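Residues per chain are reported as follows:
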Amino acid sequence: MNVGVHVSDEVAAKWPAYRAAVVIAEGVRNGPSDDASERLLTAAEQAVRESGLERAADDPRIAAWRAVFSEFGSKPSRYPCSAESLLARVLKGEPLPRINALVDTYNAVSLRHVIPVGGEDLDRLRGDLRLVRADDGEVVWRDDEGVTCRRWNWRQEPRTRLTEATRNAFFVFDQLPPQQSLDAAVQELIGHLRERGAQISVTEAPS
């Protein structure tokens, strides 16, 4: 399935250094959290605990997202980007929740690279995927039916959420400087998805 991925002119002009990549995974095997996803997530958690970082906000990659959230009117202490939410929880000594195999896998990649990654059900997407500013100025991902992710990458909407029954999925990677590992993170996730039988294609926005 071909999916168009677009960044609006307004968003691109305001944050010209932003990059997005979307991985399409068709025929992927999902299900409950399993040994493979558990190993990935546990290793990523351990790496964070051994990093020496004390607060998520002290990481410059997180600081960049906090600044952007403030610029479009979302208080980052209340609405942290998805990567900050994962990182902060682990730094507090709490394990991440185990959701299902695909969610655990992309969370592990997000945590390891400190980059926002979101995964959603491709069969529930309606039309192209677009990053736009809503009427109130908030930056959102949306399709023809409505919003798929609030506040850029803060929280996904239930309509497109990955479930254990998902067989076709898409994964959105968001990069802002000084983050430089988008490509490496994409390739890492692709490797894990192929182990789950997925046929992969990648689109980079804007397109």
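Residues numbered from 1 in each chain as written. Predicted model: local features only at pLDDT ≥ 70, side-chain atom pairs only at ≥ 80, totals over all residues. Heavy atoms only, no water.

Digging into the pattern of salt bridges
Two side chains of opposite charge can pair, provided their charged atoms sit close to one another. Scanning the entire structure with this criterion turns up 16 salt bridges. Three or more residues joined by partner-sharing salt bridges are found here, namely R126, D143, E145 and R159. (Salt bridge = Lys/Arg side-chain N within 4 Å of Asp/Glu carboxyl O.)

Considering the nonpolar core
Residues Y18, W141 and W152 are the most contacted members of the largest nonpolar core, which totals 41 residues. In this structure, Y18 is in contact with V7, W65, L131, W141, W152, F173, D174, Q175 and L176, ignoring residues within four places of it in sequence. Among the nonpolar cores identified, the runner-up in size contains 21 residues, and A169, V186, L189 and L193 belong to it. (Core = buried A, V, L, I, M, F, W, Y, C linked by side-chain atoms within 4.5 Å. Buried < 20%, exposed > 50% of the residue type's maximum accessible area, 1.4 Å probe, protein only. Contact = heavy atoms within 4.5 Å.)

A closer look at the environment of P178
By the element assignment, P178 lies in the loop between strand 8 (168-175) and helix 6 (182-195). In this structure the C-alpha to C-alpha distance between P178 and R61, which are 117 residues apart in sequence, comes to 5.9 Å. Beyond its immediate chain neighbours, meaning those up to four positions away, P178 contacts P60, R61 and A64. (Helix = DSSP H or I, 4+ residues; strand = E, 2+ residues; numbered from the N terminus.)

With respect to the environment of C81
Along the polypeptide, C81 turns up in the loop between helix 3 (60-71) and helix 4 (82-91). C81 sits in the buried class, given a relative accessible area of 2%. Considered as a pair, C81 and W65 are 16 residues apart in the sequence and their alpha carbons are 6.7 Å apart. Beyond its immediate sequence surroundings of up to four residues, C81 is in contact with I62, W65, F69, P116 and N153.

Here's the deal with the packing of aromatic side chains
Here the distance between the centres and the angle between the planes together describe a pair of aromatic rings. Applying the stated criterion across every chain yields a total of 9 aromatic pairs. Summarising the aromatic geometry, the rings of W15 and F72 are spaced 6.4 Å apart at their centres and angled 85° between planes, so their arrangement reads as edge-to-face. Of this pair, W15 sits in the loop between helix 1 (9-14) and strand 2 (19-26) while F72 sits in the loop between helix 3 and helix 4, placing them 57 residues apart in sequence. For the residue pair W15 and F72, the accessibility class agrees, reading buried in each case. Considering the side-chain rings of F69 and F72, the 5.1 Å spacing of their centres and the 50° angle between planes classify their relative orientation as tilted. F72 gets classed as buried once you look at its relative accessible area, which sits at 6%. Members of the aromatic cluster, connected to one another through ring pairs, are W15, Y18, W65, F69, F72 and W152. Over the ring of Y79 we find R151; its NZ or CZ atom is 3.6 Å from the centre of that ring. We note R151 situated over the ring of W154; from NZ or CZ to the ring centre the distance is 5.1 Å. (Phe/Tyr/Trp six-rings, centres within 6.5 Å; stacked < 30°, edge-to-face > 60°. Lys NZ or Arg CZ within 6 Å of the ring centre and 35° of its normal.)

Quick look at the packing of helix 2 (residues 35-49) against helix 5 (residues 101-113)
Two numbers describe how helix 2 lies on helix 5: the axes approach to 8 Å, and their chain directions differ by 25°. In this view, helix 2 runs roughly parallel relative to helix 5, as classed from their interaxial angle. Judged by the sense of rotation from one axis to the other, the crossing of helix 2 with helix 5 is left-handed. Between helix 2, through S37, L40, L41, A43, A44, E45 and V48, and helix 5, the contact on the second element is made entirely by A101, D104, T105, N107, A108, L111 and R112. Taken together, the residues that form the contact of helix 2 with helix 5 break down as 8 nonpolar, 3 polar and 3 charged. (Axes fitted to C-alpha atoms, helices over the stretch in contact; angles between N-to-C directions. Parallel < 35°, antiparallel > 145°, perpendicular 65-115°, else oblique. Left-handed = near helix turned anticlockwise from the far one by under 90°. Nonpolar A, V, L, I, M, F, W, Y, C, P; charged D, E, K, R; others polar.)

In short, the description is geometric, and any link to function would need to be established separately.
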